[in-house]
Amino acid sequence: MTCPDTARLDLAAAERALRGQELAIRRRLDGLLHGDRLGRRTGPGTELDDVRPYQPAQDDVRRMDWNVTARAGEPHVRASIAEPDLTTWVLVDASASMDFGTAVMEKRDLAVAVVAAVLALTDRPGNRLGVHLVGGPVPRTFPARPGRRAAHQLLRELLTSPRAPQGAGRGLDLAAALERMHREHRRPGLRVVVSDLLPRSPDEPMTWVVPLRRLAARHDVIAVEVTDRREAVLPDVGPLTLVDPESGRTTRVHTGDRRLRERYAQAVAAHRAATAAAVRTAGADHVVLRTDRDWVGDVARFLAVRRRTARHRRSVR
């Protein structure tokens, strides 16, 4: 049992780490999402476009550019690019399989970090972000709100959310969660799904493909698959007892068997290839993040490719 003082210290350390991480996120990712299709309503914008002569009764005097006014001898105002108000909803997997990690963090920690990255990427006046925390012991919905204070409160809530008990036998019903997101939030915007995308049982079909396709038909959708290196490769450590965190079922395996390790690696590779193909078929973007890698760099590379692809599509049109 953890004493309350220790819990507070752990939370304080986590928040300090998250604040430091947020600075790195903003430095490396700022501006990569700007310019994508985000929503329908447009706001006044914050990005400078041009400077033009002031028109009385039409222009806001608060946008007056005094430097240009002094040089030109007549009033000039700053014109900005109109930006769409964006409402973002993030679906975060809180099932027991996310409480696993053998590197610098667990998968659930990486999921919270992804939410922090989305907050940094969508931090514009008028934008809002909400979260559905699903698959855990107490599913929660954090309403979409604007502002940095609300964003930090959201991250604190995610950091302190209770863990799913192992062996509860529930897991994440991703198809139902996607259906709910599609039903409750109809206005076009950005939707982010953060999960390890693991099935609740080995023979469970990918029933989430159709709901994901329906979601992607209305919104920009990014599926973030969080993984750990030990999920892909079985180490040679002799007899080993494996526990399924969702069902609690245990399996005794002899990892010294080379053929067993090869079959395991092939099965994992086949599952991940099928998952990637399913996400592409649904029309969503897909990025894989690992707990032992520079995930901020991986997100930056993904967004850079995504932006180049979007520009190419617009030029073709």
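As the structure is a computational prediction, the values presented were derived from the model and not from experiment.

A few words now on the environment of Leu-154. When you line up the elements, Leu-154 lands in helix α4 (residues 148–159). A residue is classified by how much of its surface remains accessible, and Leu-154, at 7% relative accessible area, is buried. Sequence spacing of Leu-154 and Ala-144 is 10 residues, and the spatial spacing of their C-alpha atoms is 9.9 Å. With sequence-adjacent residues up to four places away left out, Leu-154 is seen in contact with Val-115, Leu-129, Val-131 and Phe-142.

Turning to helix α5 (residues 174–184), a few remarks are in order. Along an α-helix, residues three or four positions apart point the same way, because every turn accommodates 3.6 residues. Among all positions of α5, only Leu-174, Ala-175, Ala-177, Leu-178, Met-181 and His-182 are buried. Down the axis of α5, the buried set is contained in an arc of 165 degrees. They therefore lie on one face. Next to the buried residues of α5 lie β3 (87–93), β4 (128–134), β6 (190–195) and α6 (209–218).

Every buried residue of α6 is accounted for by Val-209, Pro-211, Leu-212, Leu-215 and Ala-216. Summarising the axial view, the buried residues of α6 lie within an arc of 160 degrees, below the 170-degree limit, and thus occupy one face. For α6, the elements touching its buried residues are α5, β6, β7 (220–227) and α7 (258–282).

Moving on, we get to the confidence of the model for the chain. Averaged over all residues, the pLDDT of the chain equals 80, while 79% of them reach at least 70. Ranking the elements of the chain by mean pLDDT puts helix α1 (residues 4–29) last with 51 and β6 first with 96. Low confidence marks residues 1–11, where pLDDT is under 50. Its contacts with residues over four positions away, or in another chain, come to 3 contacts. Below a pLDDT of 50 lies the segment residues 35–48, which in the model reaches 50 contacts outside its immediate sequence neighbourhood of four places, other chains included.

Residues Val-90, Val-115, Val-131, Val-224 and Trp-295 are the most contacted members of the largest nonpolar core, which totals 38 residues. Secondary structure elements with two or more residues in this core: β3, α3 (107–121), β4, α4, β6, β7, β10 (285–290) and α8 (295–316). Per-element tally for this core: the top contributor is α3, with 11 residues. Within the second largest apolar cluster, 23 residues are counted, among which are Ala-175, Val-209, Leu-215 and Ala-216.

What follows deals with the environment of Leu-155. Assignment of secondary structure puts Leu-155 in helix α4. When its relative accessible area of 5% is taken as the criterion, Leu-155 is described as buried.

Let's shift gears to the side chain of Thr-87. Tracing the chain through its elements places Thr-87 in strand β3. Apart from the residues lying within four places of it in its own chain, the contact partners of Thr-87 are Arg-128, Ala-144, Arg-187, Gly-189, Leu-190 and Arg-191.

On to the pattern of salt bridges, then. In this structure the tally under the stated criterion is 14 salt bridges. Here Arg-180 makes a salt bridge to Glu-184, at a shortest N to O gap of 3.0 Å. Separated by 4 residues within a single helix, Arg-180 and Glu-184 lie in helix α5, roughly one turn from each other. Residue class for Glu-184 comes out partly exposed when judged on its relative accessible area of 40%. With a closest N to O distance of 2.9 Å, Arg-258 and Glu-262 form a salt bridge. Highlighted residues: Arg-258 and Glu-262, both in helix α7, separated by 4 residues, approximately one helical turn. Each of Asp-99, Glu-106, Arg-108 and Arg-163 takes part in one network of salt bridges that share partners.

A few words now on the sheet that holds β4. The 6 strands lie next to each other as β5-β4-β3-β6-β7-β10, forming an open sheet whose pairing is mixed. Both outer strands of the open sheet, β5 (140–145) and β10, are each paired with one neighbouring strand and no more. With strand direction ignored, the average angle separating the axes of adjacent strands in the sheet is 15 degrees. Relative to β5, β4 is paired through 4 bridges, and the arrangement is antiparallel. Looking at the pairing, His-132 lines up with Thr-141 of β5.

Along the chain, Asp-257 turns up in the loop between β9 (250–254) and α7. Put simply, Asp-257 and Pro-239 are 18 residues apart on the chain and 9.7 Å apart in space, counted from C-alpha to C-alpha. At 3.0 Å, the side chain of Asp-257 forms a polar contact with the backbone nitrogen of Arg-259.

The next point concerns unusual backbone geometry. The phi dihedral of Leu-197 falls on the positive side, at around 55 degrees, and the residue is not glycine. On the secondary structure map, Leu-197 appears in the loop between β6 and α6.

Parameters at a glance
- Residues numbered from 1 in each chain as written.
- Predicted model: local features only at pLDDT ≥ 70, side-chain atom pairs only at ≥ 80, totals over all residues.
- Heavy atoms only, no water.
- Helix = DSSP H or I, 4+ residues; strand = E, 2+ residues; numbered from the N terminus.
- Buried < 20%, exposed > 50% of the residue type's maximum accessible area, 1.4 Å probe, protein only.
- Contact = heavy atoms within 4.5 Å.
- Arc of directions from axis to C-beta.
- pLDDT = per-residue confidence, 0-100.
- Core = buried A, V, L, I, M, F, W, Y, C linked by side-chain atoms within 4.5 Å.
- Salt bridge = Lys/Arg side-chain N within 4 Å of Asp/Glu carboxyl O.
- Pairing = 2+ DSSP bridges.
- Axes fitted to C-alpha atoms, helices over the stretch in contact; angles between N-to-C directions.
- Polar contact = N/O pair within 3.5 Å; in protein donor to acceptor, adjacent residues only side chain to side chain.

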